[in-house]
Amino acid sequence: GAVGGGRRGVRGGGGAGVRPPPRGGAPAGAAPRPGMTATLTLTYRQGTPLGDLRGEAWIERSEDHKTWCRGHLIGPDGVTVEAEGLFILPRWARERIASEQPHPTPRYFE
């Protein structure tokens, strides 16, 4: 198949492709702020079938300009892939945001 897992599922690269949307890598709802993926760890729990899947992602915690996130991909038989990542609001972005807005520089994804 298109994701290289044959007729019944996707291979690891296909599961890795299901990750937070391209807003700098942060999970949906994190904020409209730029961010860079510092680390992203995927743990494969079982085969990921082709078909209907549900992805969930959330913010675990934020400190200063760092945000730790977790998420998972769910198939008909439960969680297939777990993910955790660290996302950074880089200095250049913090400085640019500060220069364009009258309020203080955000320290993390708000």
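To be clear, the structure that these remarks concern was listed above.
Keep in mind that this is a model prediction, so the values were computed, not measured. (Residues numbered from 1 in each chain as written. Predicted model: local features only at pLDDT ≥ 70, side-chain atom pairs only at ≥ 80, totals over all residues. Heavy atoms only, no water.)

## Digging into the pattern of salt bridges
Where side chains of opposite charge bring their charged atoms close, a pairing between them can arise. Which entries qualify depends on this criterion: A carboxyl oxygen of Asp or Glu within 4 Å of a side-chain nitrogen of Lys or Arg is what we treat as a salt bridge. The helix and strand labels rest on DSSP assignments: H or I over at least four residues marks a helix, E over at least two residues marks a strand, and numbering proceeds from the N terminus. Working definition: with a 1.4 Å probe on protein chains only, accessible area under 20% of the residue-type maximum means buried, over 50% means exposed, and in between means partly exposed.
Scanning all chains against the criterion turns up 4 salt bridges. Of the charged contacts, one joins Glu-63 and Arg-61 as a salt bridge, the two residues approaching to 3.0 Å between their closest N and O atoms. Arg-70 is the partner of Glu-84 in a salt bridge, and the nearest nitrogen-oxygen pair spans 3.2 Å. Taken together, the residues span a long stretch of sequence, with Glu-84 in strand 6 (residues 78–88) and Arg-70 in strand 5 (residues 66–75) at a distance of 14 residues. Of the residues examined, Glu-84 reaches a relative accessible area of 41% and is grouped as partly exposed.

## Overview of the environment of Arg-91
Locating Arg-91 in the fold gives a position in helix 2 (residues 91–100). A relative accessible area of 57% places Arg-91 in the exposed class.

## Details of unusual backbone geometry
Its identity as a non-glycine residue notwithstanding, Asp-64 has a phi of 55°, on the positive side. Inspection of the secondary structure assignment puts Asp-64 in the loop between strand 4 (54–63) and strand 5. The exposure class assigned to Asp-64 is partly exposed, which follows from its relative accessible area of 38%.

## Notes on the packing of aromatic side chains
How two aromatic rings sit relative to each other is given by the distance of their centres and the angle of their planes. Heads up, the condition is: Ring geometry is summarised as follows: Phe, Tyr and Trp rings, the Trp one being its six-membered ring, pair when their centres sit within 6.5 Å, and such pairs are stacked at plane angles under 30 degrees, edge-to-face over 60 and tilted between the two. Here, a charge over a ring means that NZ of Lys or CZ of Arg falls within 6 Å of the ring centre while also lying within 35 degrees of the ring normal.
Within the structure shown, the criterion is met by 0 aromatic pairs. Above the plane of the ring of Trp-68 lies Arg-61, whose end atom (NZ or CZ) is 3.8 Å from the centre.

## Things to note about the environment of Ile-59
With respect to the secondary-structure elements, Ile-59 resides in strand 4. The partly exposed category is assigned to Ile-59, whose relative accessible area is 34%. Sequence spacing of Ile-59 and Glu-84 is 25 residues, and the spatial spacing of their C-alpha atoms is 9.7 Å.

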